[in-house]
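# Examining the three-dimensional arrangement
Listed below are the residues making up each chain.
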Amino acid sequence: MKTLPLGEGEFARRGTLVVIYEGKDISLDIADSILECTYRDSINEFDTIDLTLEDRKDLWIGAWSPQKGDKLQIKHKLTNWSSQKVIEHNLGEFYIDNIDYSGPPSIISLRGISVDIASNIMDAKEYKSWEDVTIEKIAQDIAKKCKIKLECDFKFNRVYKRVEQKLESDYTLLKRLCREAGITIKLYSDRLILFEESEYESRDPQMKISKLDCKDYRFSIDDTDTYSGCRISYYDYMLDKKIEHTFNTKQRPGYKKNTQRLLFLNYDAAVPGETQQQKKEYLLKIAQKELREKNKTGITCSITIMGQEQQLSASDIVAIYSFGRFDGNYIITEVTTDYSEYQHSISLRKCLEGY
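Read on for an overview of the structure. (Residues numbered from 1 in each chain as written. Predicted model: local features only at pLDDT ≥ 70, side-chain atom pairs only at ≥ 80, totals over all residues. Heavy atoms only, no water.)

Pairing within the open sheet is mixed, and its 3 strands lie in the order 10-13-12. At either end of the open sheet lies a strand with only one pairing partner, and these are strand 10 (149-153) and strand 12 (184-188). Pairwise comparison of adjacent strand axes, ignoring direction, gives a mean angle of 15° for this sheet. Of the pairings in the sheet, the one linking strand 12 to strand 13 (residues 191-195) comprises 5 bridges and is antiparallel in character. Bridged to Lys186 within strand 13 is Ile193. Strand contacts of helix 4 (residues 170-181): strand 12 and strand 13, with the helix running at about 150° to strand 12, the strand carrying the most contacts. (Pairing = 2+ DSSP bridges. Helix = DSSP H or I, 4+ residues; strand = E, 2+ residues; numbered from the N terminus. Axes fitted to C-alpha atoms, helices over the stretch in contact; angles between N-to-C directions. Contact = heavy atoms within 4.5 Å.)

The following block contains the structure:
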């Protein structure tokens, strides 16, 4: 196993990579040949692993020649970081989708993604339709067909009168529907995960980070597409008239109070509900989700910190402080970990209030 240089002496902190290739632990075999290992965890994209190794004996171009679709399991062990002595971070399962060989000296670079590249959920172009269906039911049908585990963590289960899948992959369809419903979708270790970021943002921070903890930092206020409210309208054929409702938030990200700018949304699908109040509540939820999607990147930041004993993951909440106006809770949207130096490059956005 590769021991990363994090100190000196018997009790020095050490980081060790555990690599399991197609079910076989090859950590000892490759310990002295690992040059780099980088793991990227993203909130709504595939996770990736990049592993670069020396090939002095030409094994990786010969007897060990890798194939696309081969399965990698990667773990990172921390020794002498706490009283627990050894802490293990499981990075997950990956499927090789890119192989690069160069030299001299002979070097092989393997890239894996967190979804089986042979899975039908990604590639098969389907034609199917659903009637009077929820987004959760569509996800259940797709997960069952593709034989993957489904995890749903959202409250607003959007209802559709009709959904058509016109020669698009199951993943492309779900990503499109989830975007409309304010749901984040992720494929990870043979699991299909659907969740609402707003639910995660209400959680207590898992970690606190100050200016002194950062090797570098950058904060940005984006004015591209933020709004103070969303006005949604639809035509009610029963009443034979146009109906409008408005959802307002407390404050536009980065703006002083009472700075007004409305987002206009025309809803042309059937509205579920037996009463006007039920229809109004449903429409306001649609407006709320659309407004949140527009405003969520209003305040963002990127930081670099040294590796932590605690494993950091996309969707974790951290409390940022000692940065003045930028202090507050942030959700991690992406974290890239370089295990040769054991440091994290983290992208975050400020949690929204009033949504």
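On to the packing of aromatic side chains. Aromatic rings considered in pairs are described by the distance between their centres and by the relative angle of their planes. Summed over all chains, the structure comprises 12 aromatic pairs. Measuring from ring centre to ring centre gives 5.8 Å for Tyr39 and Phe94, while their planes differ by 80°; the resulting arrangement is edge-to-face. Linking Tyr39 in strand 4 (residues 34-42) with Phe94 in strand 7 (residues 86-102), this pair joins segments that are 55 residues apart in sequence. On the basis of relative accessible area, Phe94 is assigned to the buried category, the value being 0%. Between Tyr217 and Phe323 the ring centres are 4.9 Å apart and the planes differ by 70°, which places this aromatic pair in the edge-to-face class. Of this pair, Tyr217 sits in strand 15 (residues 214-221) while Phe323 sits in the loop between strand 20 (317-321) and strand 21 (328-338); the two residues are 106 residues apart in sequence, bridging distant segments of the chain. Using a relative accessible area of 42% as the deciding quantity, one classes Tyr217 as partly exposed. A network of ring pairs unites the aromatic residues Tyr217, Phe219, Phe323, Phe326 and Tyr330 as a single cluster. The side chain of Arg203 reaches across the aromatic face of Tyr200, ending 4.0 Å from its centre. Between Arg325 and the ring centre of Phe326, over which it is positioned, the NZ or CZ distance is 5.5 Å. (Phe/Tyr/Trp six-rings, centres within 6.5 Å; stacked < 30°, edge-to-face > 60°. Buried < 20%, exposed > 50% of the residue type's maximum accessible area, 1.4 Å probe, protein only. Lys NZ or Arg CZ within 6 Å of the ring centre and 35° of its normal.)

All right, on to the state of the cysteines then. Applying the stated criterion across every chain, the model contains 0 disulfides. Cys214 supplies the cysteine sulfur nearest to Cys301, a cysteine that is in no disulfide, at a spacing of 7.9 Å. With no disulfide partner, Cys351 has as its closest neighbouring cysteine sulfur the one in Cys301, 11 Å distant. Of the residues examined, Cys351 reaches a relative accessible area of 14% and is grouped as buried. (Disulfide = S-S within 2.5 Å.)

Looking at chain direction, strand 5 (residues 48-54) and strand 8 (residues 107-113) are connected through 7 bridges and run antiparallel. Note on strand 8: the bridge partner recorded for Leu51 is Leu110. One ladder, built from 7 bridges, connects strand 7 with strand 8; its direction is antiparallel. Across the sheet, the residue bridging to Tyr95 is Ile113, located in strand 8.

In this section: the environment of Ile99. Relative to the helices and strands, Ile99 is located in strand 7. Separated by 32 residues in the primary sequence, Ile99 and Gln67 place their C-alpha atoms 8.2 Å from one another. In this view, Ile99 contacts Pro66, Gln67, Lys68, Ile108, Ser109 and Leu110; residues no more than four positions away in its chain are not counted.

One open sheet accounts for 3 strands, arranged 17-16-18; its pairing is mixed. Bordering the open sheet on either side are strand 17 (241-248) and strand 18 (262-266), each of which pairs with just one other strand. Each strand axis lies, on average, 20° off the axis of its neighbour in the sheet, ignoring direction. With 5 bridges joining them, strand 16 (residues 229-236) and strand 18 adopt parallel strand pairing. Of the residues in strand 18, the one forming a bridge with Cys230 is Leu263. Running at roughly 140° to strand 16, helix 6 (residues 276-295) makes contact with strand 16, strand 17 and strand 18 of the sheet.

Next up on the list: the environment of Leu263. Within the element layout of this structure, Leu263 appears in strand 18. Residues Leu263 and Ala287, spaced 24 residues apart in sequence, show a C-alpha to C-alpha distance of 9.0 Å. Once residues within four sequence positions are removed from consideration, Leu263 is found in contact with Tyr227, Gly229, Cys230, Arg231, Glu290 and Lys294.

Before going further, it helps to examine the pairing of strand 21. The pairing of strand 4 with strand 21 spans 5 bridges and is classified as antiparallel. Note on strand 21: the bridge partner recorded for Thr38 is Asp338. Two strands pair when backbone bridges link them, and strand 20 and strand 21 are joined in this way by 4 bridges, in the antiparallel orientation. Looking at strand 21, one finds that Val318 is bridged to Tyr330. A loop of 6 residues connects strand 20 with strand 21, the two strands running antiparallel in sequence, and Ser322 in this loop sits at a positive phi of about 75°.

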